[in-house]
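Inside the fold
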Amino acid sequence: MSSFLPILRGIHGVWLREIMRATRDKGQLLGGVSRPLIWLLILGVGLNPYFRGEVFGEVRLVLPYSYLQFLFPAVIVLNIMYTSIQFAVSVIWDREFGFLREILVSPMPRWAVLLGKVLGGATAATGHGTLVLILARFADVTLTAPQVAQAIAYMFALSFALTCFGVVLAGKVRSFEGFGVFSNTVILPLYFASSSVFPLDPSLTRTQLVASYPEWLIMLIYANPITYAVDALRGILINFNQFPPHIGFGLVGIGMIGFFLWALRSFGR
Amino acid sequence: MIPAAGFPNRQGLHFTRASPRPYICGLSLRPPEEYGRGEVNQTNCQEADFAGRSISLLIQPHETAERAGPAVRVEHLSLKYGGQVALDDVSLSVGRGSSFALLGPNGAGKTSLISVLATLRDADKGLVEVAGHDVCRASRQVRLSIGMVFQDPSLDDRLSAEENLDFHGRVYGIPGRLRAEAIDRVLDLVELTGWREAIVRSFSGGMKRRLEIARALMHKPQILFLDEPTVGLDAQTRARIWAYLNRQRRERGLTLLTTTHYIEEVEDADRICIIDKGRIIAEGTPGQLKRELGQSFLHVVAATPADHAALLAAYPDSHAVSPEALAIPAGDEDFVAGFLARFGNRLREMRFEGPTLEGVFLSLTGRVLRDRTDGEREAQRNAGRRAGRR
């Protein structure tokens, strides 16, 4: 116990530094606000009238939701993905500008340093996800208090897993410039290939799906873990699931532990 | 009041009857000579009558609790780095409360050695103990007892001075109130109290250095490692930093281990260890080294290339310190007189240098300690760092 308290204090210190940096970084904050606005107000509102589940001239899939409602949880996940994965820049920054050594000679164990950093990054990402929740009424999503609490808890878990993933990426990239390109080639494909901006019909069999979408796209969507992450959040926020929601929760849980351990291996050489 | 018979006979109880005023320190009684001056004062010392003798009860703060043995012990340490030998069978010992300097040119292995001592890198071979703890097996204890000032800045320059120190305090597990006190203390020590809330990015190089030293002293380490601590600082700041550090050494027995390639920085050190190409080539006090290895040199620049060749032929034991300049080992005054009679009118420049540490290094390695390109390289590196900053 006597050695546990200083470690907790250290984790809190590392967390606090990440929060201070995140709140002082105006650019990141601006991105966190403008991104959901663009996606919801322009893409969401623009495509809203065309979202009727009409395929080959006949209505085969009737979703009880508008496109804005359908898109809303996906935009939250997008915002979280950006902030979490961009968090890796903070890890690269520490490494390039020597601050990492200050942490590495401290008596804190390496896992505790990483935990503090990841918790900090996950808190910032959850904050950016919560920002989107404020737009809920503009997307015609009505939320109850338990739904909001559930959503925030889930968002935090998702942020944690993705932040660890970002740290793993940081271990592979040597420069800031490289990371910018890298993150975009990771975030956007994952996002688009996750049934985030178009629905799959849960009542259709696989053969029937293949009739409306090309085979490769369906394969991609089924293979993409973000698909299930978005789907679970959709279940919480608009009560609509295309897949069993426990797949999403399970994947996020596995991601939290798996990516954390992987990140620990690459963190600090 | 402490009853004489009340002491359990445990490990750590030393009772020295021979000393006139033993001090009780926790469970140990030690003679006053074992404590540094300034450690005993009104607040931490309490007079008590013990076995008919006046003694003082010293309530010793945890962080100054001593262990026997040297502050740093290194035996047969070898380290390979990227296929190259960085350290080759290095052995040294640094006494507690002393000021120890590692002197050598860039790339000699100084930073590698510090990295091993600070548990940042594992040794390939050998035994390394810092503050009585093995660096591999008890790295946490080692890290708690050392303070580190790195060669390159390692502050978060987007936070304020206070926030940097607060971060350090938290990471070292210092509780809230003590942390606030420690921040006040160290800021005052380096005279940065007025800059408490300022963002570190706006600091000058000297201020950053002072803040880093303050930070390294915040958790009251027993040993402070300073890796090239005053590179790029003006003489005034350099002198001030050394004054702080030496005061810490006197007042609470801090051990200083410095690496540097500035001769003037190590003249005041208790012991100097000269290191080159990963090996220790000489060790001793500055006086000793100068006496035993120091030589006078004549630094000369010949008037023409022909004269240069003639000089080399006449004095084959001279060292080329640059393409033009030669350092000729000078014996006594007769040597100089003889030299002047022979070459006096064939020189463009001449300078006599008595025994210095620079000369010690030159006679040991045949090279000057600081080649001129060092400064340029540092400037380039700094420019690169600035450009790379977001």
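The rules behind the values
- Residues numbered from 1 in each chain as written.
- Chains lettered and ligands numbered in written order.
- Predicted model: local features only at pLDDT ≥ 70, side-chain atom pairs only at ≥ 80, totals over all residues.
- Heavy atoms only, no water.
- Axes fitted to C-alpha atoms, helices over the stretch in contact; angles between N-to-C directions.
- Helix = DSSP H or I, 4+ residues; strand = E, 2+ residues; numbered from the N terminus.
- Parallel < 35°, antiparallel > 145°, perpendicular 65-115°, else oblique.
- Left-handed = near helix turned anticlockwise from the far one by under 90°.
- Contact = heavy atoms within 4.5 Å.
- Patch = residues over 30% accessible without salt bridge, like charges linked within 9 Å, V, L, I, M, F, W, Y side chains within 5 Å.
- Areas by Shrake-Rupley, 256 points an atom, 1.4 Å probe, with all protein chains shown as cover.
- Salt bridge = Lys/Arg side-chain N within 4 Å of Asp/Glu carboxyl O.
- Buried < 20%, exposed > 50% of the residue type's maximum accessible area, 1.4 Å probe, protein only.
- Pairing = 2+ DSSP bridges.
- Buried area = accessible area lost by both parts, 1.4 Å probe.
- Polar contact = N/O pair within 3.5 Å; in protein donor to acceptor, adjacent residues only side chain to side chain.
- Nonpolar A, V, L, I, M, F, W, Y, C, P; charged D, E, K, R; others polar.
- Expected span 1.5 Å × (residues − 1).
- pLDDT = per-residue confidence, 0-100.
- Core = buried A, V, L, I, M, F, W, Y, C linked by side-chain atoms within 4.5 Å.

1. Structural notes on the packing of helix α6 (residues 110-133) of chain A against helix α12 (residues 245-266) of chain A
Residue and element names in this part refer to chain A. With their axes 10 Å apart at the nearest point, α6 and α12 run at an angle of 120° to one another. With respect to α12, the element α6 is oriented oblique. Here α6 and α12 pass one another in a crossing that is right-handed. In contact with Arg 110, Trp 111, Leu 114 and Leu 115 of α6, α12 contributes Phe 260, Ala 263 and Leu 264.

2. Here's the deal with a nonpolar patch on the surface
A cluster of nonpolar side chains, contributed by A:Val33, A:Leu37, A:Ile38, A:Leu41, A:Ile42 and A:Val45, occupies part of the molecular surface with about 520 Å² of accessible area. The topology assignment puts A:Ile42 in helix α2 (residues 26-47).

3. A word on unusual backbone geometry
Positive phi outside glycine occurs at A:Asp140, with the angle close to 60°. Notably, B:Ala131 is not glycine yet its phi reads approximately 55°, a positive angle. Here B:Ala131 is to be found in the loop between β8 (125-130) and β9 (133-134). Among the residues examined, B:Ala131 registers a relative accessible area of 1% and is labelled buried.

4. Focus: the sheet that holds strand β11 (residues 223-227) of chain B
Residues and elements named next belong to chain B. With mixed pairing, 6 strands are arranged side by side in an open sheet as β10-β11-β12-β7-β13-β14. Each of the sheet's edge strands pairs with one partner strand only, and the pair in question is β10 (146-149) and β14 (279-284). Looking at each pair of strands side by side, their axes are set apart by 15° on average, direction ignored. Pairing geometry for strand β13 (residues 271-276) and β14, over 5 bridges, is antiparallel. Pairing of Ile 275 across the sheet is with Ile 280, part of β14. In the packing of helix α1 (residues 110-117) onto the sheet, contacts are made with β7 (99-103), β10, β11, β12 (255-260) and β13, and the angle to β12 comes to roughly 150°.

5. Here we look at the interface of chain A and chain B
In this assembly, 29 residues from chain A lie in contact with 33 residues from chain B. For the pair chain A and chain B, the two sides together bury roughly 2,900 Å², of which 58% comes from carbon and sulfur. Summed over the three residues of chain A that lose the most area to chain B, namely A:Phe97, A:Val105 and A:Pro107, the buried surface amounts to 24% of that side. Our enumeration of links across chain A and chain B arrives at 4 salt bridges. Residues A:Glu102 and B:Arg215 are paired through a salt bridge, measuring 3.3 Å at the closest nitrogen-oxygen approach. Inspection of the chain A/chain B interface yields 13 residue pairs in polar contact (both at pLDDT 80 or more). Among the elements that line the side of chain A that touches chain B, the one with the most residues is helix α1 (residues 4-24) of chain A, at 12 residues. Class assignment of the residues belonging to the side of chain A that touches chain B gives a composition of 15 nonpolar, 6 polar and 8 charged.

6. A closer look at helix α11 (residues 225-238) of chain A
Residues and elements named next belong to chain A. With 14 residues, α11 should reach 20 Å at 1.5 Å per residue; the first-to-last C-alpha distance of 20 Å fits that figure. Counting buried residues along α11, 13 of its 14 residues qualify, which places the element largely inside the surrounding structure. The backbone nitrogen of Ile 226 lies 2.9 Å from a side-chain oxygen of the residue at the head of α11, namely Asn 224. Immediately downstream of α11, the backbone of Asn 239 shows phi near 55°, a positive value.

7. Details of helix α4 (residues 88-96) of chain A
Residues and elements named next belong to chain A. Taking burial as the measure, the 9 residues of α4 include 7 buried ones, the bulk of the element. Looking only at α4, the buried set comprises Ala 88, Val 89, Ser 90, Val 91, Ile 92, Trp 93 and Asp 94. Following α4 by one or two positions, Gly 98 adopts a phi angle in the positive range, close to 85°.

8. Thoughts on the confidence of the model for chain A
Of the residues in chain A, 90% have a pLDDT of 70 or more, and the chain-wide mean is 85. Mean pLDDT values for the elements of chain A range from 55 in strand β1 (residues 54-55) of chain A up to 93 in α6(A).

9. Some points on the nonpolar core
Judged by nonpolar contacts, the single largest core of 119 residues is most densely connected at A:Phe72, B:Val72, B:Leu92, B:Val130 and B:Phe225. If you tally residues by element for this core, the top one is helix α3 (residues 67-86) of chain A, at 14 residues. Look past the residues within four positions of B:Leu92 in its chain and what remains in contact with it is B:Val72, B:Arg73, B:Val74, B:Phe100, B:Leu102, B:Leu113, B:Cys273, B:Ile280 and B:Glu283. B:Leu192, B:Ala216, B:Tyr244 and B:Leu256 belong to the second largest nonpolar core, which has 29 residues in total.

10. Details of the pattern of salt bridges
The tally for this structure, following the rule as stated, stands at 25 salt bridges over all chains. With a closest N to O distance of 2.6 Å, A:Arg24 and B:Glu163 form a salt bridge. Here B:Glu163 lies in helix α3 (residues 161-171) and A:Arg24 lies in helix α1, a pairing that spans two chains. Under the relative-accessibility criterion, A:Arg24 is labelled partly exposed at 36%. Measuring nitrogen to oxygen at the nearest pair gives 3.0 Å for the salt bridge that ties B:Arg179 to B:Asp166. With a gap of 13 residues between them, B:Arg179 in helix α4 (residues 176-189) and B:Asp166 in helix α3 connect regions that are remote in the sequence. For the pair formed by B:Arg179 and B:Asp166, the shared burial category is buried. One network of salt bridges, with partners in common, ties together A:Arg17, A:Glu18, A:Arg21, A:Asp94, A:Lys117 and B:Asp156.

11. Re the side chain of A:Ser106
Of note, A:Ser106 is situated in the loop between α5 (99-104) and α6. The residues contacting A:Ser106, other than those within four sequence positions of it, are B:Arg143, B:Val171 and B:Tyr172.

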